[in-house]
Amino acid sequence: MRATVLPQYGEPERLVVAELPAPAPAPGQILVRTAASAVNPVDLAVRSGSAAEYVKLPFPMVLGWDLSGVVEALGEGVTRFAVGDRVVAMSAQMATGIGTHAELVALDAAIAAPAPQGADLVHAAALPLAGLTADQALEVLGAESGSSLLVTGAVGAVGGFAVQLAAARGIRVTALVRPGDEELARSLGASEVLTSDRPLPEGVVDALFETAGYAGAIAAVRDGGRAVSIVPAAAPQAERGIEVKMSFVEQDGERLTKLSGLVESGTLTLRVADVLDFADAALAHKRLGAGGTRGKLLLASLTAN
Ligand SMILES: NC(=O)c1ccc[n+]([C@@H]2O[C@H](COP(=O)([O-])OP(=O)(O)OC[C@H]3O[C@@H](n4cnc5c(N)ncnc54)[C@H](OP(=O)(O)O)[C@@H]3O)[C@@H](O)[C@H]2O)c1
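Residues numbered from 1 in each chain as written. Predicted model: local features only at pLDDT ≥ 70, side-chain atom pairs only at ≥ 80, totals over all residues. Heavy atoms only, no water.

S.K.: How would you sum up the UniProt feature "domain: Enoyl reductase (ER)" (unreviewed entry) in the protein chain? Please name residues and give values.
M.R.: In the numbering used here, UniProt assigns the "domain: Enoyl reductase (ER)" (unreviewed entry) feature to residues 10–299. The distance separating the terminal C-alpha atoms of residues 10–299 is 20 Å; by composition the span is 23% helix and 29% strand. (UniProt positions renumbered as here; feature names shortened; annotations may be inferred. Helix = DSSP H or I, 4+ residues; strand = E, 2+ residues; numbered from the N terminus.)

S.K.: Can you lay out the sheet that holds strand S12 (residues 205–210) for me, pointing to particular residues and giving the numbers?
M.R.: Strand order in the open sheet formed by six strands is S11-S10-S9-S12-S13-S14, and the pairing between neighbours is parallel. For this open sheet the edge positions go to strand S11 (192–195) and strand S14 (243–246), each flanked by a neighbour on one side alone. Strand-to-strand twist across the sheet, computed as the mean angle between neighbouring axes with direction ignored, equals 20°. In the sheet, strand S13 (residues 221–229) pairs with S14 via four bridges, with the strands oriented parallel. Counted as the bridge partner of arginine 226 is glutamate 243 from S14. Contacts between helix H3 (residues 128–141) and the sheet are confined to strand S9 (148–152), S12, S13 and S14, with S12 contributing the most and set at about 145° to the helix. (Pairing = 2+ DSSP bridges. Axes fitted to C-alpha atoms, helices over the stretch in contact; angles between N-to-C directions. Contact = heavy atoms within 4.5 Å.)

S.K.: Outline the sheet that holds strand S1 (residues 2–6), listing residues and values.
M.R.: The strand order S2-S1-S4 describes an open sheet built from three strands, whose pairing is antiparallel. At either end of the open sheet lies a strand with only one pairing partner, and these are strand S2 (16–19) and strand S4 (61–62). Summarising the sheet, S1 and S2 pair through four bridges and their orientation is antiparallel. Within S2, the residue paired with valine 5 across the bridge is valine 16.

S.K.: How would you sum up the site of the ligand? Please name residues and give values.
M.R.: Around the ligand, the structure places 19 residues, and the nearest of them are Ala157, Val158, Arg178, Val249 and Gly292. Measuring from an oxygen atom of the ligand, one finds a backbone N or O atom of alanine 157 at 2.8 Å. Here an oxygen atom of the ligand and a backbone polar atom of valine 158 are 2.9 Å apart. Protein chains bury 78% of the 910 Å² of accessible surface belonging to the ligand in isolation. A majority-of-atoms criterion places the ligand in the largest pocket. Elements with a minimum of two residues in the shell around the ligand: H3 and helix H4 (157–168). Taken domain by domain, the makeup of the shell around the ligand includes at least three residues from each of domain 1 (2–127 + 270–300) and domain 2 (131–246). (Near = heavy atom within 4 Å. Polar contact = N/O pair within 3.5 Å; in protein donor to acceptor, adjacent residues only side chain to side chain. Areas by Shrake-Rupley, 256 points an atom, 1.4 Å probe, with all protein chains shown as cover. 1 Å grid on protein atoms, 1.4 Å probe; cavity = no way out; pocket = protein on both sides within 12 Å on 5 of 7 lines; lining within 4 Å. Sits in = over half its atoms within 2 Å of the grid points. Domains from an automatic or database assignment.)

S.K.: Account for empty space enclosed by the protein, with residues named and values stated.
M.R.: Enumeration over the complete set of coordinates arrives at two cavities of 30 Å³ or more. Volume-wise, the largest cavity comes out at about 40 Å³. As for the largest cavity, its lining consists of Ala126, Ala130, Ala157, Phe161, Gln164, Thr269, Arg271, Gly295 and Lys296. No other element matches the three residues that H4 contributes to the lining of the largest cavity. In terms of residue class, the lining of the largest cavity is made up of four nonpolar, three polar and two charged. Two domains each provide a minimum of three residues to the lining of the largest cavity, namely domain 1 (2–127 + 270–300) and domain 2 (131–246). By volume, the second largest cavity amounts to about 30 Å³. Going through the elements one at a time, H3, S13 and S14 are the ones with two or more residues in the lining of the second largest cavity. Residues that form the lining of the second largest cavity fall into these classes: three nonpolar, no polar and three charged. (Points joined across faces, edges and corners; volume = space filled by probe spheres on them. Nonpolar A, V, L, I, M, F, W, Y, C, P; charged D, E, K, R; others polar.)

S.K.: How would you summarise the packing of H3 against helix H6 (residues 253–264) if you had to cite specific residues and measurements?
M.R.: Any two packed helices are characterised by the angle at which their axes cross and by the distance between the axes. For the pair H3 and H6, the least separation of the axes is 10 Å and the interaxial angle reads 105°. One element, H3, and the other, H6, form an angle in the roughly perpendicular class. Between H3, through Pro128, Gly131, Leu132, Asp135, Gln136 and Glu139, and H6, the contact on the second element is made entirely by Arg255, Leu256, Lys258 and Leu259. Within the contact of H3 with H6, the residues separate by chemical class into four nonpolar, two polar and four charged. (Parallel < 35°, antiparallel > 145°, perpendicular 65-115°, else oblique.)

S.K.: Residue-level account of the packing of aromatic side chains, with values.
M.R.: All chains considered together, the criterion is met by one aromatic pair. Note on tyrosine 9 and phenylalanine 59: the rings are 4.8 Å apart at their centroids and 80° apart in plane angle, and the pair reads as edge-to-face. Of the two residues, tyrosine 9 sits in the loop between S1 and S2 while phenylalanine 59 sits in the loop between helix H1 (41–48) and S4, which places them 50 residues apart along the sequence. (Phe/Tyr/Trp six-rings, centres within 6.5 Å; stacked < 30°, edge-to-face > 60°.)

S.K.: Give a detailed account of the layout of surface pockets, specifying residues and quantitative values.
M.R.: Of the volumes computed, that of the largest pocket is approximately 1500 Å³. Lining the largest pocket we find 46 residues, and of these Pro41, Val158, Thr211, Ile230 and Val231 sit closest to its centre. Of all the secondary-structure elements, those providing two or more residues to the lining of the largest pocket are H1, H3, H4, strand S10 (172–177), helix H7 (281–290) and strand S16 (296–300). Among the elements that take part in the lining of the largest pocket, H1 stands out by supplying four residues, more than any other. For the lining of the largest pocket, the residue count by class is 27 nonpolar, 15 polar and four charged. Inspection of the lining of the largest pocket shows a minimum of three residues originating in each of domain 1 (2–127 + 270–300) and domain 2 (131–246). Roughly 180 Å³ of internal volume is contained in the second largest pocket.

Below is the structure:
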């Protein structure tokens with residue numbers, strides 16, 4: 001099978017397509033024929049070596065966390081899925097070494113979920129990492145219905161899901177976006193929109209969900225409010241009695257099943273910036289690194305249908 005491999009840390013051009021032995025599903029695993037994977041900021045950090053102190057994996061590595069595809073074989077003891085099922089999954093590649101930029105991926109059935117019915121299977125790869133990150137961080141934050149929440153990077157992959165999930169729970173969302181993204185933020189469910197070219201109002205929201213690396217956004221939170229950040233390099237400093245927590249995404253097939261259902265019901269929209277060829281991982285890394293993508297960049301496998 002073909003996979004995109006990283007032989008050494010470096011520039012995007014290091015990523016090359018290679019022929020690797022097909023994996024076999026171990027007990028408890030499913031073998032998935034990939035329809036698409038997505039490129040996430042963490043893939044850029046692993047590829048460049050900037051996350052090297054956390055990556056204890058041998059080269060060559062297969063990168064990629066997001067996956068959509070079709071179950072091709074079952075490991076011993078798997079009953080949740082059947083051959084032919086359409087699935088999505090998030091694999092914590094940096095910790096486990098199981099990357100999704102491959103035509104066949106064997107992973108634990110417990111971290112997979114049914115793909116949203118009615119959704120394009122390629123587009124379904126936009127859901128797992130960003131959706132799980134948003135949902136888990138909202139839980140860490142503990143924001144309640146009727147409260148107000150500022151989401152920074154609100155039209156980004158995680159921020160966009162955070163806005164949709166929070167609005168669906170009756171939370172009043174203020175979105176912080178770049179100028180020009182105001183309408184997009186409103187279409188996701190933000191009731192108010194602020195732009196990053198203007199000073200932030202101070203003390204106006206109950207809570208902050210920080211996805212843009214904009215630590216100063218904590219100024220918008222009222223005294224004694226709450227904040228959660230998913231960007232450790234720019235963690236907001238606790239001030240004025242505000243509780244600040246960090247959230248790190250975890251594999252979770254049950255939660256992903258719930259999120260898949262929210263796509264089916266129309267509560268969550270799959271936002272796709274572009275679908276590139278499986279072999280174009282380097283191009284996807286360059287485009288994501290340049291900023292300005294709105295929605296996920298997907299890598300579609302040629303053998304998928
Ligand atoms: N802790 C975790 O488990 C976890 C999980 C997923 C992601 N993350 C991190 O979370 C961050 C967001 O990830 P993502 O996938 O959502 O990335 P993304 O799709 O690129 O979204 C980030 C958004 O923030 C915007 N932004 C950045 N700086 C801004 C500023 N000063 N003012 C206004 N908007 C700004 C970006 O706009 P431009 O594109 O125009 O710059 C983009 O819309 C990344 O740092 C990623 O590494 C952490």
